[in-house]
Amino acid sequence: EAAVTQSPRNKVTVTGGNVTLSCRQTNSHNYMYWYRQDTGHGLRLIHYSYGAGNLQIGDVPDGYKATRTTQEDFFLLLELASPSQTSLYFCASSDLGGRTGQLYFGEGSKLTVL
Amino acid sequence: GEQVEQRPPHLSVREGDSAIIICTYTDSATAYFSWYKQEAGAGLQLLMSVLSNVDRKEEQGLTVLLNKKDKRLSLNLTAAHPGDSAVYFCAVSVNTGNYKYVFGAGTRLKVIA
């Protein structure tokens, strides 16, 4: 069973604050993704990566940076957090991108920006 | 880019009845189609996926239909039970060179005993 671990699970910060969300997968998957989940919008892709050092821009990238330091680790950075970034964030991994359709999700990180 | 619409946003059925969720998409080159289930407080779990050359797939009380002409994907839960209560998402895979997934907005299903 693929394992994707996110931290922190809950985070509260203030407007203008600096936040890093971490994701680690232990199954040697090439693809990793960051999504945000908001009511009425489903999951929207922020950034994704197909390997260490690679970064691809998703559909809602504004205000977010990401970095893939190793095959296992993918970070999402909010350098000047805003209330509009209050959301539930999911990391996911996949071994073959879209070719198998299977994404393995973490448990989610709930971020509140006051 | 690819647009995915999912309906209905909320669905309530009685135990033993069927529940049908539909997604429509816009890109005729969409390659892969999936359904995910999200239980309260958890991440998403894959239910079933199909390739674009498959019209119908059945597994364990679930039926996925793909109508490429109408660009419509459906999930049918036959004989739903309370344990099926969750939020369901469709996801389509678009070939942008590296493949990325576009999700529907979700359907909150409640199965009443």
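Right above here is the structure, for reference.
Quick notes on the rules
Residues numbered from 1 in each chain as written. Chains lettered and ligands numbered in written order. Predicted model: local features only at pLDDT ≥ 70, side-chain atom pairs only at ≥ 80, totals over all residues. Heavy atoms only, no water. Helix = DSSP H or I, 4+ residues; strand = E, 2+ residues; numbered from the N terminus. Rg over C-alpha atoms; globule rule 2.2 N^0.38 Å. Contact = heavy atoms within 4.5 Å. Pairing = 2+ DSSP bridges. Axes fitted to C-alpha atoms, helices over the stretch in contact; angles between N-to-C directions. Buried area = accessible area lost by both parts, 1.4 Å probe. Salt bridge = Lys/Arg side-chain N within 4 Å of Asp/Glu carboxyl O. Polar contact = N/O pair within 3.5 Å; in protein donor to acceptor, adjacent residues only side chain to side chain. Nonpolar A, V, L, I, M, F, W, Y, C, P; charged D, E, K, R; others polar. Buried < 20%, exposed > 50% of the residue type's maximum accessible area, 1.4 Å probe, protein only.

What about the overall build of chain A?
A count of helices and strands for chain A gives zero helices and eleven strands. Going residue by residue from the N terminus, the α and β elements of chain A occur as β-β-β-β-β-β-β-β-β-β-β. A compact globule built from 114 residues should have a C-alpha radius of gyration of about 13 Å, and chain A, at 13 Å, falls within 12% of that. Projecting the C-alpha coordinates of chain A onto the three principal axes gives extents of approximately 40 × 30 × 25 Å. Sequence separation of at least 24 residues holds for 54% of the intrachain contacts in chain A that already meet a minimum separation of 6.

Here we look at the sheet that holds strand 1 (residues 4–7) of chain B
All names here are of chain B. Spatially, the five strands line up as an open sheet ordered 1-3-8-7-6, and their pairing is antiparallel. Strand pairing shows two members of the sheet lacking a second neighbour, strand 1 and strand 6 (56–59), which therefore form its edges. The average angle at which neighbouring strand axes cross in this sheet is 15°, direction not considered. Pairing of strand 1 with strand 3 (residues 19–25), which is carried by four bridges, proceeds in the antiparallel orientation. Note on strand 3: the bridge partner recorded for Val4 is Tyr25.

A word on the sheet that holds strand 7 (residues 65–68) of chain A
Backbone-to-backbone hydrogen bonds join strands into a sheet, with any given pair of strands oriented parallel or antiparallel. All names here are of chain A. Overall, antiparallel pairing links the four strands, which are arranged 1-3-8-7 in an open sheet. Where the open sheet ends on each side, the last strands, each with one partner, are strand 1 (4–7) and strand 7. When the angles between neighbouring strand axes are averaged without regard to direction, this sheet yields 15°. Of the pairings in the sheet, the one linking strand 7 to strand 8 (residues 73–78) comprises four bridges and is antiparallel in character. By the bridge assignment for strand 8, Lys65 is matched with Leu77.

Regarding the interface of chain B and chain A
Facing the 22 residues of chain B at the interface are 27 residues of chain A. Together, the buried faces of chain B and chain A total about 1,900 Å²; carbon and sulfur atoms form 51% of this surface. In this structure, the connection of chain B to chain A is made through zero salt bridges. For the interface between chain B and chain A, the tally reads three residue pairs in polar contact (both at pLDDT 80 or more). Taken together, the elements giving at least two residues each to the side of chain B that touches chain A come down to strand 4 (32–38), strand 5 (44–51), strand 9 (86–94) and strand 10 (100–103) of chain B. Partitioned by chemical class, the residues of the side of chain B that touches chain A number eleven nonpolar, ten polar and one charged.

Here we look at the pattern of salt bridges
Throughout the structure, instances matching the rule amount to ten salt bridges over all chains. The salt bridge partner of Asp38(A) is Arg36(A), with a shortest N-O separation of 2.8 Å. Each member of the pair, Asp38(A) as well as Arg36(A), carries the same accessibility label: buried. Its salt-bridge partner being Glu58(B), residue Arg56(B) comes within 2.9 Å of it at the nearest N-O pair. In this structure, a network of salt bridges that share partners links the residues Arg36(A), Asp38(A) and Arg44(A).

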